[in-house]
Amino acid sequence: MNEVFKQQVWEITKLVPKGRVTSYGAIAKAVGFPNHSRHVGKAMGGCPPDVPAHRVISSSGILSVPEFQERLETEGIVVENFRIKDFKKLFWDPMLEL
């Protein structure tokens, strides 16, 4: 994975509004690599502190990193059994909202 890809992933992630979530796949699609959601996950693993990685979850609405639950709940997102409640309502699609 190259640095340009990581930077693009991080810049899109910074645009996810508080109280909303997106998926690894949606970000991959937005940066032009629709089949690279796992690479997005790897990029998020080493992201700078100003990137809200906690707002990026699996496409099924399940938290990939359980430790992010507290941060999401602080933003008003309800998490039950590691799943985002009202996931479809809270989903932020960069292809539609940018």
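Everything in this summary refers to the structure shown in the same document. (Residues numbered from 1 in each chain as written. Predicted model: local features only at pLDDT ≥ 70, side-chain atom pairs only at ≥ 80, totals over all residues. Heavy atoms only, no water.)

### A word on the overall build of the protein
- Regarding its fold elements, the protein presents 6 helices and 4 strands.
- If you list the helices and strands of the protein from N to C, you get α-β-α-α-β-α-β-β-α-α.
- Each of the three principal axes of the protein carries a C-alpha extent, and together these read 35 × 25 × 20 Å.
- For the protein, buried positions account for 39% of its 98 residues.
- Sequence separation of 24 or more characterises 59% of the internal contacts of the protein that already satisfy a separation of 6 or more.
- Total accessible area on the protein stands at roughly 5,800 Å², and carbon and sulfur atoms take up 52% of it. (Helix = DSSP H or I, 4+ residues; strand = E, 2+ residues; numbered from the N terminus. Buried < 20%, exposed > 50% of the residue type's maximum accessible area, 1.4 Å probe, protein only. Contact = heavy atoms within 4.5 Å. Areas by Shrake-Rupley, 256 points an atom, 1.4 Å probe, with all protein chains shown as cover.)

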